[in-house]
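A closer look at the structure
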Amino acid sequence: FETADALDDFVHLWAVPHGRLLAGLAEADFSTQRRWADELARGFFHLDRLVRLPPDAKPNRLFLPLDDLRQAGVSVEQLRAGTVDESVRRLLWKHSVRIRDALVQGRSLINDLSFRQGYALKWYWMGARALLEELDRREYDLWGRPLDLGPFRRAQVYAQTLFGRAGL
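Here the structure is a predicted model, which is why all the values come from computation and not from measurement.

A few words on helix 1 (residues 4-25). The terminal C-alpha atoms of helix 1, which comprises 22 residues, lie 30 Å apart, in line with the 32 Å expected from a rise of 1.5 Å per residue. The largest bend in helix 1 comes to about 40°, at H12. Taken residue by residue, helix 1 has L7, V11, A15, V16, G19 and A23 as its buried positions. Looking at the buried positions of helix 1, the neighbouring elements they touch are helix 2 (31-51). Note on helix 1: the residue one or two positions beyond its end, E27, has a positive phi of about 60°.

Let us now look at unusual backbone geometry. Phi at E27 takes a positive value of approximately 60°, unusual for a residue other than glycine. Summarising the element assignment, E27 is placed in the loop between helix 1 and helix 2. Residue classification places E27 among the exposed positions, given a relative accessible area of 66%.

Let us now look at the packing of aromatic side chains. Applying the stated criterion to the full structure yields seven aromatic pairs. Residues F10 and F45 carry aromatic rings whose centres are separated by 6.1 Å and whose planes lie at 50° to one another, so their mutual orientation is tilted. Taken together, the residues F10 in helix 1 and F45 in helix 2 connect sequence positions 35 residues apart. The exposure class assigned to F10 is partly exposed, which follows from its relative accessible area of 29%. Look at F45 and you get buried, because its relative accessible area is 11%. With a centroid separation of 6.4 Å and 25° between ring planes, the pair formed by F115 and Y119 is classed as stacked. Here Y119 and F115 lie together in helix 8 (residues 115-137), a separation of four residues that amounts to about one turn. Residue classification places Y119 among the partly exposed residues on the basis of a relative accessible area of 23%. Chaining the aromatic ring pairs together yields one cluster made of F1, F10, F45 and F63. The ring of W125 carries R107 above its face, with NZ or CZ at 5.6 Å from the centroid.

Before going further, it helps to examine the pattern of salt bridges. The final tally for this structure, using the stated rule, is 14 salt bridges. The closest approach of N and O atoms between R61 and D56, which form a salt bridge, is 3.2 Å. Residue class for R61 comes out partly exposed when judged on its relative accessible area of 44%. A relative accessible area of 4% means that D56 is categorised as buried. With its nearest N and O atoms 3.7 Å apart, the salt bridge here joins D68 to K94. Taken together, the positions of D68 in helix 4 (residues 66-72) and K94 in helix 6 (residues 86-106) put the pair 26 residues apart, joining distant regions of the chain. Relative accessible area serves as the criterion here: at 7%, D68 is assigned to the buried category. Among the charged side chains, a salt-bridge network with shared partners connects D48, R49, R52, D56 and R61.

Cut-off values and rules
Residues numbered from 1 in each chain as written. Predicted model: local features only at pLDDT ≥ 70, side-chain atom pairs only at ≥ 80, totals over all residues. Heavy atoms only, no water. Helix = DSSP H or I, 4+ residues; strand = E, 2+ residues; numbered from the N terminus. Expected span 1.5 Å × (residues − 1). Bend = angle between axes of the 7 residues up to and from the residue. Buried < 20%, exposed > 50% of the residue type's maximum accessible area, 1.4 Å probe, protein only. Contact = heavy atoms within 4.5 Å. Phe/Tyr/Trp six-rings, centres within 6.5 Å; stacked < 30°, edge-to-face > 60°. Lys NZ or Arg CZ within 6 Å of the ring centre and 35° of its normal. Salt bridge = Lys/Arg side-chain N within 4 Å of Asp/Glu carboxyl O.

Quick look at the structure:
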């Protein structure tokens, strides 16, 4: 994708309809709820693409705008090779902030769903938050080892989903 607008157009045509379908299944059909679902769809889509950046970059499936790469001074070859320097960290930090923002913008949908549906969404939402925290803890190195949560961190997410408040 050459620009952020081109990527946004793709996400609007691909991920947002999926999010709206899921929201519709949960009977979240009001316009406000659709906006929240749209933001969550964007956030989850971009997080998935960020987590899968190392394998995606090799066969030319890059879901970061080339304008952002040029602005950060990062090359596609650098992402393919997994060379993590300060410019790559800044680029990935910038995109993680966008993901956090989208997740926060859609957070209110959790409270508008039934208990069962809200719990499931909260669990995924909290897991996404934990993945972003892990990415930050690793200083945005996606290439050293795959980004996932260990059993202890998953148990923490589960407990926080059950007993904690969800907020960023």
